[in-house]
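# Observations on chain architecture
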Amino acid sequence: MYADCEDSRSANLLFEKMPKPNVFVWTAILSFYSRSGMTSECIGCYSGMKLRGVVPDRYVFPKVLRACAQSRQIKVGIQVHKDVVTYGAELNLQVCNSLIDMYSKCGDVESARRILDQMVERNLLSWNIMVSGYVSNGFLVSALDLLKSMRLDGFEPDLVTWNTTMDAYCRMGQCDEAWKVFEQIREPNIISWTTLISGYSGIGKHDIALKLFKDMASKGRVFPDLDGISGILVSCRHLRALLCGQEIQAYGIKTVCGFSFYKSAGPALLTMYANCRRIRDARNVFNLMDHSDVVTWNAMILSYADLGMKNLGLDCFRKMQSMGLRNDPTTITAILPVCDLDFGKQTHAYIIKSSLSMVIPIWNAFIHMYSRCGSIKTAYSVFSNMVSRDLISWNTMIRGLGMHGFGQAALQLRQEMTHSGLRPNSVTFASVLSACSHSGLVDEGLEVFYEMVNAFGFNPEMEHFSCVVDLLARAGRLEQAVDFAKRMPLQPDKRIWGAILAASQAHDNLSIAMLASEHLVLLEPKYAGHYVTLANTYAKAGRWDDSVRVRKSMESKGLAKPSGCSWIENGN
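Residues numbered from 1 in each chain as written. Predicted model: local features only at pLDDT ≥ 70, side-chain atom pairs only at ≥ 80, totals over all residues. Heavy atoms only, no water.

### Points about the nonpolar core
Generally speaking, nonpolar side chains in soluble globular proteins are found buried as a group. Within the largest apolar cluster, 170 residues are counted, with the highest numbers of intra-cluster contacts made by Phe-366 and Ile-500. With nine residues, helix 16 (residues 258-275) is the largest single contributor of residues to this core. Ignoring any residue separated from it by four or fewer positions in sequence, one finds Phe-366 in contact with Leu-336, Gly-344, Thr-347, His-348, Ile-351 and Val-382. Residues Ala-528, Leu-534, Tyr-538 and Met-554 belong to the second largest nonpolar core, which totals eight residues. (Core = buried A, V, L, I, M, F, W, Y, C linked by side-chain atoms within 4.5 Å. Buried < 20%, exposed > 50% of the residue type's maximum accessible area, 1.4 Å probe, protein only. Helix = DSSP H or I, 4+ residues; strand = E, 2+ residues; numbered from the N terminus. Contact = heavy atoms within 4.5 Å.)

Quick look at the structure:
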């Protein structure tokens, strides 16, 4: 009774007075420890129970296995599994489900699947736990295959199954497939909505994520929680949707107490304001957040870094250090983009001596910092000495080599990455194409582009098309660049025509310069600089009437090119 009423003190006092507690008493205590998250106490209690000769039963095992799963203690879990077999509970449905959950959460999906396959009786929960285990451990295709097996076994998916399936598709970047699953759910819950919204946000489709959030809010059946609010504020940040961000802040303050709101959503809100260049609002949010939490300072440092306010970012970092707060990986990755080479080297020395020396994102940030500061050899040394690398490590190093004109080295590194077993992503190809462009490797760049499409099945994005156009234009192959731009499945943007314009001016090709200028005027009709460039290009080609016409059009629209200015210091 005391355990069920969460009165642990009274329960323990009574338990200690009992000379020979039976299995039912032990079960009550174990259940209390398990559901309270007191995993060490639960496991210790189970050991004490066995030492006192009490035989565990099918009600005991799920409690202990849950504690093993929560604490990721697979060795203890394996011993409990042996006890399950020893005491004849291996056929019990609830015990088997608990074993699947324990092995899945401890990362041993093979053992989890073996138990599922050997079960005499399964229920929907058995399948859901295994599907969830595959998804949480990154075996996404296996999760989707298991869903088919589940249906063949006569079980239809419930809301939990659909939510997990959506999560699998979103993690694979196939959010449109996740949306198809979402549409099959009669009454989506907050997890359904948040999974889909986070999925689109995760692949950079923030406009769709924001639309989904508005749809959810307008229906009035499901109300966003703090995780959902934090997630959508990230999309507002990327879209610079200031008004939406302010509305979401107002909603959050009304529905959640202020401290809890700023504790959870504060970092996302702060960085949203900073990305909208509302630094005063960002500081106001910072002042309302918990200053004993390193996440608060990380968000402020990151905001200053994004705004190019390097000195303020460093000041913020130093103040955080003076308060005695311990750096985490995010602190280091946030401060490195704003520091100079000397400060970066000091930070490098600090990391080598610290407990963070095995954190891959930190070394990725060092590669970027050294590349940005011109020390490409040191960047490559950091990359070469990494014990393990992720995809971002390779992409950052490839981009760094490209920035410094080492196109051939970037190509070679991409081959090494493939041989290491890592599959390149769209960022990899954009980095390699950029490297080829800066090094004049036209044929190699075109080969990479078509390999990306044909061999790896990627749909090129605007950045890839822009790199190819820039590659061709820089090499003087202007007609080919224009033809490529016109055949794109996407509408060429200002980057495309800007690259063509710059190259055509460098190669004195007036006809293509005029074509590029005309497109830029259409794309940005309120930007005076494009009109001036077009008018000058017409004049240079002897088309004086067209030049006058463009300037009159510019004047009639009230556009004026900002006057240039220079600053000098007089020595005082």
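Picking up where we left off.
### A short note on the packing of helix 31 (residues 510-523) against helix 32 (residues 528-540)
At their nearest, the axes of helix 31 and helix 32 sit 9 Å apart, and the two run at 155 degrees to each other. With respect to each other, helix 31 and helix 32 are oriented roughly antiparallel. Judged by the twist between their axes, the crossing of helix 31 over helix 32 is left-handed. Of the residues in helix 32, those touching helix 31 at Leu-510, Ala-513, Met-514, Ser-517, Glu-518, Leu-520 and Val-521 are His-530, Tyr-531, Thr-533, Leu-534, Thr-537, Tyr-538 and Lys-540. Here the contact of helix 31 with helix 32 is built from residues that sort into eight nonpolar, four polar and two charged. (Axes fitted to C-alpha atoms, helices over the stretch in contact; angles between N-to-C directions. Parallel < 35°, antiparallel > 145°, perpendicular 65-115°, else oblique. Left-handed = near helix turned anticlockwise from the far one by under 90°. Nonpolar A, V, L, I, M, F, W, Y, C, P; charged D, E, K, R; others polar.)

### Considerations on the packing of helix 22 (residues 360-372) against helix 23 (residues 376-385)
The N-to-C vectors of helix 22 and helix 23 enclose an angle of 165 degrees; their axes lie 7 Å apart at closest approach. In terms of their interaxial angle, helix 22 and helix 23 are classed as roughly antiparallel. As for the relative orientation of helix 22 and helix 23, their crossing is left-handed in sense. Facing helix 22, whose interface residues are Trp-363, Phe-366, Ile-367, Tyr-370 and Ser-371, helix 23 presents Ile-376, Thr-378, Ala-379, Val-382 and Phe-383.

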